[in-house]
Amino acid sequence: MKRLLACLDVSHYSQTVCEHAAWAAQRLGATVELLHVIQRNATEEVRQELGETMDLASKPGLLDEILSLKVAEGQLAERQGELLLQAAVEQLRALGISEVETTQREGGIVETIIEREVFSDIVIIGKRGAQANFAKGHLGSKVERVVRQSQKPVLVATRVFKQPQRIAIAFDGGPSSRKALEYVSTSPLFGGLDIDIVLVGGYTDRNAAHIDWAQTQFTGRTGVKAIQREGAADGVLQQLARERAIDMFVMGAYGHSPLRNMLVGSTTTQMIRSGQMSVLLFR
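The structure presented is a predicted model; accordingly, all values stated were derived computationally and were not measured. Residue positions are given per chain, counted from 1 along the sequence in the order it is written. Thresholds applied to this predicted model are a pLDDT of at least 70 for local features of residues and 80 or more for the giving and counting of side-chain atom pairs; totals over whole chains, interfaces and linings are not thresholded and use all residues. In computing side-chain properties, one takes all heavy atoms of the structure into account and sets aside hydrogens as well as water.

Regarding the overall build of the protein
So, step 1. A run of DSSP states H or I qualifies as a helix once it reaches four residues; a run of E qualifies as a strand once it reaches two. Both are numbered from the N-terminal end. Secondary structure assignment for the protein yields 9 helices and 10 strands.
So, step 2. Residues count as neighbours in contact if any of their non-hydrogen atoms are within 4.5 Å of one another. Long-range pairs, those at least 24 residues apart, make up 78% of the contacts in the protein between residues at least 6 apart in sequence.
So, step 3. Accessibility throughout is a Shrake-Rupley quantity obtained with a 1.4 Å probe, and a residue counts as covered only by protein chains that appear here. Of the roughly 13,800 Å² of accessible surface on the protein, a fraction of 49% belongs to carbon and sulfur atoms.

What follows is the structure in structure tokens.
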């Protein structure tokens, strides 16, 4: 049975992560693991941080007091995480998903996600983290690191969930975009949806061969359209998103010209940051 890893934090993105997970689970017949990671400083790390800013020897009992506060903060974070997971389970069950597990861990967020993704088929994460309200327009560094390190498809959920009706594949003929296209052509996740295959680039023999290959993967399937346009990749994709009412983009996390720089300062970052649709990324 397919398994989804839905990554939650205390931001408002947890709700839309659950909505995306419910949509995918229903179409794939998948179970869902809800993951929440608590980041907590170890005692020695706290001691080192404080030692760099003040002379603890001249302030007896200060370290113990601060450490006790850290313990209380940790207990509060643990309880907060339990309530977050409980609410997410209730949300998924209300959306018709009964096969749900919860995992709460302490440690690094990215490291824990990579550890848990081994047991999953897709990772679902909000496009910004717990500081989302204070960092609008910025792609969270944790999201970028997950995308760089994950060996599984990563679905980056946008702030407002819209059930996908039409998706677009940003296709450049490279290995990761071919992997993405083959997944779309065979997975029940996208069965019955309208699909645009978008190649940004000039009309060359090489690009024509890429388009021909892509179209053969959907032989006999209706609702599939190949689109080729010249221009800056992110601009073309965003314009098409508006023109074609695209609900989700599927992209390779690393590609070739003109989609080759796919993270910070690149096409993928621009699509995640400014687009109103979710993005499914493949390495």
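Digging into the nonpolar core
So, step 1. Throughout, nonpolar core names a set of buried Ala, Val, Leu, Ile, Met, Phe, Trp, Tyr and Cys residues whose side chains join them through atoms within 4.5 Å. Only protein chains enter the accessibility calculation, which uses a 1.4 Å probe; a residue is then buried when its area is under 20% of its type maximum, exposed when over 50%, and partly exposed in between. Among the nonpolar cores identified, the biggest contains 44 residues, and Leu4, Val32, Leu34, Leu92, Phe190 and Val250 are the most heavily contacted of them.
So, step 2. For this core, the element with the highest residue contribution is helix α1 (residues 13-28), accounting for 8 residues.
So, step 3. For Leu4, the contacting residues outside a window of four places in its chain are Ala21, Ala24, Ala25, Leu28, Ala30, Thr31, Val32, Glu33, Ser120, Ile122 and Ile124.
So, step 4. With 30 residues, the next largest nonpolar core counts Val146, Ala170, Val200 and Leu240 among its residues.

Section: the sheet that holds strand β9 (residues 248-252)
So, step 1. Taken together, the 10 strands give an open sheet; going across it, the order is β3-β2-β1-β4-β5-β10-β9-β6-β7-β8, and neighbouring strands pair in mixed fashion. Looking at strand neighbours, the two that pair on one side only are β3 (100-106) and β8 (224-229), the edges of this open sheet. Neighbour-to-neighbour, the strand axes of this sheet turn through a mean angle of 20 degrees, independent of strand direction.
So, step 2. Contacts from helix α4 (residues 109-116) reach β1 (3-8), β2 (31-38), β3 and β4 (122-126) within the one sheet, and its direction differs from that of β2 by about 155 degrees. DSSP bridges decide pairing: two strands pair if at least two such bridges lie between them. Every angle, taken between N-to-C directions, lies between 0 and 180 degrees, and every axis is a line fitted to C-alpha atoms, over only the stretch in contact when it is a helix.

Some words on the environment of Gln163
So, step 1. Relative to the elements of secondary structure, Gln163 occurs in the loop between β5 (154-157) and β6 (166-170).
So, step 2. Taking the C-alpha atoms as reference, Gln163 lies 7.5 Å from Asp247; in sequence the two are 84 residues apart.
So, step 3. Sequence-distant contacts of Gln163, defined by excluding residues within four places in its chain, comprise Trp23 and Asp247.

Remarks on the pattern of salt bridges
So, step 1. When a carboxyl oxygen of Asp or Glu lies within 4 Å of a side-chain nitrogen of Lys or Arg, that pair is called a salt bridge. Scanning all chains against the criterion turns up 12 salt bridges.
So, step 2. Where Arg116 meets Glu33, a salt bridge forms, and the shortest distance between an N and an O atom there is 2.9 Å. Of the two residues, Arg116 sits in helix α4 while Glu33 sits in strand β2, which places them 83 residues apart along the sequence.
So, step 3. Across the salt bridge formed by Arg229 and Glu243, the nearest N and O atoms sit 2.8 Å from each other. With Arg229 in strand β8 and Glu243 in helix α8 (residues 233-244), this residue pair connects regions lying 14 residues apart in the sequence.
So, step 4. One salt-bridge network, held together by shared partners, links Arg3, Glu33, Glu101 and Arg116.

Overview of the environment of Ala208
So, step 1. Along the chain, Ala208 turns up in helix α7 (residues 205-216).
So, step 2. Put simply, Ala208 and Gln228 are 20 residues apart on the chain and 9.3 Å apart in space, counted from C-alpha to C-alpha.

A closer look at helix α6 (residues 175-186)
So, step 1. With 12 residues, α6 should reach 16 Å at 1.5 Å per residue; the first-to-last C-alpha distance of 17 Å fits that figure.
So, step 2. Of the residues making up α6, those classed as buried are Ser176, Ser177, Ala180, Leu181, Val184 and Ser185.
So, step 3. In this structure, the buried residues of α6 make contact with β6, β7 (194-200), α7, β9 and β10 (278-282). To estimate how far a helix should extend, the number of its residues minus one is multiplied by 1.5 Å.

Re the pairing of β5
So, step 1. The two faces of β5 match: Val154 and Val156 on one face and Leu155 and Ala157 on the other face are all buried.
So, step 2. Relative to β5, β4 runs parallel, the two sharing 4 bridges. Its bridge partner being in β5, Ile124 is matched across the sheet by Leu155.
So, step 3. Note: β5 against β10, 3 bridges, orientation antiparallel. Each residue of the ladder has a partner; that of Leu155, found in β10, is Leu280.

Observations concerning α8
So, step 1. Its 12 residues place the ends of α8 16 Å apart at the C-alpha level, agreeing with the 16 Å of an ideal helix rising 1.5 Å per residue.
So, step 2. Inspection of α8 places Ala233, Val236, Leu237, Gln238, Leu240 and Ala241 among the buried residues, and these make up the whole buried set.
So, step 3. Looking one or two residues beyond α8, the residue adopting positive phi is Ala245, at roughly 55 degrees.

Comments concerning the side chain of Asp247
So, step 1. Position of Asp247 among the secondary structure elements: in the loop between α8 and β9.
So, step 2. A distance of 3.0 Å separates a polar atom in the side chain of Asp247 from a polar atom in the side chain of Lys162.
So, step 3. In protein, a polar contact means a hydrogen-donor-capable atom and an acceptor-capable atom, both N or O and within 3.5 Å, with residues adjacent in sequence counting only if both atoms are side-chain atoms; elsewhere, any N or O pair within 3.5 Å suffices. Within the structure, Asp247 has its side chain in polar contact with the backbone nitrogen of Gln165 (distance 2.8 Å).
So, step 4. Setting aside residues up to four positions removed in sequence, Asp247 forms contacts with Lys162, Gln163, Pro164, Gln165, Arg166, Met277 and Ser278.

Side note on the packing of aromatic side chains
So, step 1. For this analysis, a ring pair means two rings from Phe, Tyr or Trp (six-membered ring only for Trp) whose centres lie within 6.5 Å, classed as stacked if their planes differ by under 30 degrees, edge-to-face if by over 60, and tilted for the remaining angles. Considering all chains together, one arrives at 4 aromatic pairs under this definition.
So, step 2. On the basis of an interplanar angle of 10 degrees and a centroid distance of 5.9 Å, the ring pair of Phe171 and Trp213 is categorised as stacked. One end of the pair, Phe171, is in the loop between β6 and α6; the other, Trp213, is in helix α7, and 42 residues separate them in sequence.
So, step 3. Overall, Phe171 belongs to the buried group, its relative accessible area being 1%.
So, step 4. An aromatic cluster of three or more residues is present, and its members are Trp23, Tyr183, Phe190 and Phe282.
So, step 5. Only when the NZ atom of a Lys or the CZ atom of an Arg is both within 6 Å of the ring centre and within 35 degrees of the ring normal do we say a charge sits over the ring. Over the ring of Trp213 we find Arg178; its NZ or CZ atom is 4.2 Å from the centre of that ring.

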